[in-house]
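# Tertiary structure, described
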Amino acid sequence: MGGESSSIGALVPTVKSELGSNNNAAAGEREQEQQQPEAMAVEEELAMPDRDMFCPICMQLIKDAFLTSCGHSFCYMCIVTHLQNKSDCPCCSHFLTPNHLYPNFLLNKLLMKASACQIAKTATPAEQLHKALQQGYEVSVKELDSLLSLLAEKKRTLEQQEAETNMQIMLDFLHCLRNQKLGELNELQTDLQYIKEDINSVERRGIELYRSRDRYLTNVRMLGDDPRAKLSWPSLIEKRGGGVLPCFPGPQSQCHMGSSTSHNWKADEKTPSGSQIIQIKDANSDLDSQQLTQSGLLVARKKRVHAQFNDLQDCYMQRRRSSTRQSQKKDERDRREGYSTGLEDFQTVLSTFTRYSRLRVVAELRHGDLFHSANIVSSIEFDRDDELFATAGVSRRIKVFEFSSVVNEPADVPCPIAEMSTRSKLSCLSWNKYTKNHIASSDYEGIVTVWDVTTHQSVMEYEEHEKRAWSVDFSRTEPSMLVSGSDDCKVKIWCTNQEASVLNIDMKANICSVKYNPGSSIHIVVGSADHHIHYYDLRNTSQPVHIFSGHRKAVSYVKFLSNSELASASTDSTLRLWDVKENIPLRTFRGHTNEKNFVGLTVNSEYIACGSETNEVFVYHKAISKPAAWHKFGSDVQDADEDAGSYFISAVCWKSDSPTMLTANSQGTIKVLLLAE
């Protein structure tokens, strides 16, 4: 028993002692691990201020602590301010006055220590060293020398690194600047090469024109020297335009019939008759007058070029570069007589832009009573063949006029050939592009109506819009389809063969204008009060194909110049031109004033025209951002100067691609304007 117990006792204690030592070691490690976070927590607690050190009023660390008679501590300024309004303790509501406040010196010391610990914990080593030296920390001379040497070395290292960094930044900047300037230089050299080539092309073209003119003048002189040919002068003059012979640009001496020709006539034995001589002299005088007229026009057109030189320069470079890129891709040669495609296009722009400088009044008529407020013409539109035009507005009547009668007859108020009455004020008209006698209208009650001008009756009426309908448009490619937009934030597609709408697009903002793409019956554009232009494919109306952004206010009108070019007007007093194929903005036009009213918008292949709230019509060339011509409506009302600001242009319409335009203003005055030199 004793041996067993001794052996057991020998075994068990040995095992127990090892386990105990291991357990003691593990317990010690665990205790140390537990003590470390506890110590860190204590340090954090010491470093972090206690919530009890916060002022109950401002909830910040107490500054200048004062103790109340009820035992609460506050910032001095906080408690004094409180006692100015109330006489109680903010914590316990005990009666309290400023006489019951006492400085809490102990709390102030604790707060200062806590603040110092917090600063020491968050301060950088340099700040800590600086603070230690300020507080009188004992440092030997040897330690100071070592410290100063270390600081000097550190300073040199930092200065070296900073200098290298600055040099690298400067070098990178200079490299970028050089590359940018080299790119600009290359672009400038390329542009100069384009200009040089185009100058040579234009000069060659000019030489050919001068040679052609010289050949013509030589033939004229030969006719003057030949007695038999002189008999044909009258017929020749008639062929040349009733006695006016063409004059080509060039030196004046080359454009006149010289005295040598007259000398040859005198030397000739068979002198022409007196009437023939008079006709020849008249032809020469016509040449002189034509020369002077063309010279004056040339000067005027040059002035227009210099007035818009920057825009013309941008237009030239854009078209020239674009044509070069296209020719490089397609490997095409320049077109006629050495002219490049870009130069040819720019010549078209330059000639059309400088051709006109003003708007001339061709005819004028009154839409109604001059003093009646219901004379505003909201819409004016030409029919398919430009033979008829219709007007509509707040007078609740659609009037159809014959254009030739308005222009040719002197009557102030030509009678309309057709007139249709409606229940509500009218906002928009649209002629059918296939059926000549059909016209659609939209009104203030939201009703879209298709009218037969011949019978003066409505063909279809659509009443699905819940609010005022602002715009309606017939499709060019599918004449039975039309689109309308309304203040009910809905765009509706209609078919003249159905009584209900065939498609509906719900939008988030009021619809001001809708338009079909002239080359497609499945694409429409919507101008909205949300400042954006929405371009839709009717095969998928869940979202627009593209949203054009740029206007700062409501988009009042949208019109297509071509299948890819779209013009828009807004009450931010700008027009904008967009490319609906590339989905990019092309140009912004400024010059007119439009902040609240519908002032009209009309386009043709080259020009954009709109009204202004200054009672003026403005015409822009699509390649130039400033007005090319404008015309101000006069007022026949007495004391018109006082009310001039209340009149505005309300509708405009081009006569297809001609320079003739119909315009109307808020007085009910309709004018036929013509672009003139």
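Residues numbered from 1 in each chain as written. Predicted model: local features only at pLDDT ≥ 70, side-chain atom pairs only at ≥ 80, totals over all residues. Heavy atoms only, no water.

### Re the overall build of the protein chain
Going by this rule: By definition, any uninterrupted DSSP run of H or I lasting at least four residues is a helix, any uninterrupted run of E lasting at least two residues is a strand, and each is numbered from the N terminus. Exposed residues in this analysis have more than 50% of their type's maximum accessible area, buried residues have under 20%, and partly exposed residues fall in between, with area computed by a 1.4 Å probe over protein chains only. Here the Shrake-Rupley method, with its probe set to 1.4 Å, supplies the accessible areas, and only the displayed protein chains count as covering residues.
Counting its secondary structure elements, the protein chain contains 14 helices and 31 strands. For the protein chain, the proportion of its 677 residues judged to be buried stands at 39%. Only carbon and sulfur atoms are counted for the fraction: they give 53% of the accessible area of the protein chain, which is about 38,500 Å².

### Digging into the side chain of Asp-572
Our working definition: His is not counted, nor are the chain ends; Lys and Arg add positive charge and Asp and Glu add negative charge. By definition here, a salt bridge exists when the distance from a side-chain nitrogen of Lys or Arg to a carboxyl oxygen of Asp or Glu is within 4 Å. Between N or O atoms, a polar contact is any pair within 3.5 Å; within protein, one atom must be a potential hydrogen donor and the other a potential acceptor, and residues adjacent in sequence are included only when both atoms are from side chains.
Of note, Asp-572 is situated in the loop between β22 (565-570) and β23 (574-579). This buried residue, Asp-572, is left without a salt bridge; Arg-552 holds the nearest opposite charge, at 4.7 Å. In this structure the side chain of Asp-572 is engaged in a polar contact, spanning 2.6 Å, whose partner is the side chain of Thr-574.

### Quick look at the pattern of salt bridges
Summed over the entire model, instances satisfying the criterion amount to 19 salt bridges. As a salt-bridge pair, Glu-419 and Arg-397 come within 2.9 Å of each other at their nearest N and O atoms. Highlighted residues: Glu-419 in strand β8 (residues 418-421) and Arg-397 in strand β7 (residues 397-402), separated in sequence by 22 residues. Residue Glu-419 is classed as partly exposed on the basis of its relative accessible area, which comes to 35%. Across the salt bridge formed by Lys-515 and Asp-473, the nearest N and O atoms sit 3.1 Å from each other. A residue pair is termed long-range when its members are at least 10 positions apart, and Lys-515 in strand β17 (residues 511-516) and Asp-473 in strand β13 (residues 469-474) qualify at 42 residues. The exposure class of Asp-473 is buried, given its relative accessible area of 3%. Through salt bridges with shared partners, one network takes in Asp-383, Arg-384, Asp-385, Glu-387 and Lys-436.

### Focus on the sheet that holds strand β2 (residues 73-75)
Applicable threshold: Pairing between two strands is assigned when DSSP locates at least 2 bridges connecting them. A fitted line through C-alpha atoms represents every axis, and for helices the fit uses only the stretch in contact; the resulting angles, taken between N-to-C directions, go from 0 to 180 degrees. In what follows, a contact means two residues having at least one pair of non-hydrogen atoms within 4.5 Å.
One open sheet holds the three strands; their spatial order is β2-β1-β3, and the pairing between them is antiparallel. For this open sheet the edge positions go to β2 and β3 (101-103), each flanked by a neighbour on one side alone. Within the sheet, the average angular offset between the axes of one strand and its neighbour, ignoring direction, is 40 degrees. Examined bridge by bridge, strand β1 (residues 65-68) and β3 share three bridges and lie antiparallel to one another. Looking at the pairing, Thr-68 lines up with Leu-101 of β3. Packed onto the sheet, helix α2 (residues 76-83) meets β1, β2 and β3 and runs at close to 95 degrees relative to β2.

### Remarks on unusual backbone geometry
The backbone of Ser-93 sits at a positive phi, close to 65 degrees, despite the residue not being glycine. Structurally, Ser-93 can be placed in the loop between α2 and β3.

### Some remarks on a nonpolar patch on the surface
Note the cut-off: Patch membership needs two things, relative accessible area over 30% and no salt bridge, and members are linked within 9 Å if like-charged or within 5 Å if nonpolar (Val, Leu, Ile, Met, Phe, Trp, Tyr).
On the surface, Met-170, Phe-173, Leu-174 and Leu-177 cluster together into a nonpolar patch covering about 370 Å² of accessible area. Tracing the sequence through the fold places Leu-177 in helix α5 (residues 141-225).

### Observations concerning the packing of aromatic side chains
Put simply, the test is: Any Phe, Tyr or Trp ring, taking Trp's six-membered ring, that has another such ring centre within 6.5 Å forms a pair; planes under 30 degrees apart are called stacked, those over 60 apart edge-to-face, and the others tilted.
Inspection of every chain in the model, using the stated rule, returns 16 aromatic pairs. The interplanar angle of 45 degrees and the centroid separation of 6.3 Å between the aromatic rings of Tyr-607 and Trp-654 together place this pair among those described as tilted. With Tyr-607 in strand β26 (residues 607-611) and Trp-654 in strand β29 (residues 649-654), this residue pair connects regions lying 47 residues apart in the sequence. The burial state of Tyr-607 is the same as that of Trp-654; both residues are buried. An aromatic cluster of three or more residues is present, and its members are Phe-382, Phe-389, Phe-401 and Phe-403.

### What to know about the pairing of β7
Side-chain positions along a regular strand alternate between the two faces of the sheet. Of the pairings in the sheet, the one linking strand β6 (residues 388-393) to β7 comprises four bridges and is antiparallel in character. Residue pairing for β7: Ala-390 is matched across the bridge by Val-400. Between β6 and β7, which follow one another and run antiparallel, lie three residues, and Arg-396 among them has a positive phi close to 65 degrees. In this structure, β7 lies alongside β8, joined through four bridges in antiparallel fashion. Looking at the pairing, Arg-397 lines up with Ser-421 of β8.

### Comments concerning the side chain of Ser-520
Structurally, Ser-520 can be placed in the loop between β17 and β18 (523-528). There is a polar contact of 3.0 Å between the side chain of Ser-520 and the side chain of His-523.

### Describing the environment of Val-80
Note that Val-80 resides in helix α2. A relative accessible area of 21% places Val-80 in the partly exposed class. Sequence separation between Val-80 and Leu-101 is 21 residues, and the spatial gap between their C-alpha atoms is 9.0 Å.

### Remarks on the sheet that holds strand β27 (residues 616-621)
Taken in spatial order, the four strands of this open sheet run β25-β26-β27-β28, and their pairing is antiparallel. The open sheet terminates on both sides in strands that have one partner only, identified here as β25 (601-603) and β28 (627-632). When the angles between neighbouring strand axes are averaged without regard to direction, this sheet yields 15 degrees.

### Topic: the pairing of β18
Burial runs high along β18: six of the six residues are buried. Of the two faces of β18, the one holding His-523, Val-525 and Gly-527 and the one holding Ile-524, Val-526 and Ser-528 are both buried throughout. Note: β17 against β18, five bridges, orientation antiparallel. Among the inter-strand pairings, Ile-511 is bridged to a residue of β18, identified as Ser-528. The hairpin turn running from β17 into β18, its antiparallel successor, is six residues long. Pairing of β18 with strand β19 (residues 533-537) involves five bridges; the strand directions are antiparallel. For Gly-527, the partnering residue across the bridge sits in β19 and is Ile-533.

### Some thoughts on the environment of Glu-613
Along the chain, Glu-613 falls in the loop between β26 and β27. Classification of Glu-613 as buried rests on a relative accessible area of 13%. Here Asn-594 takes part through its side chain, which lies 3.1 Å from a polar atom of the side chain of Glu-613. Within polar-contact distance, the side chain of Glu-613 engages the backbone nitrogen of Asn-597 at 2.9 Å.

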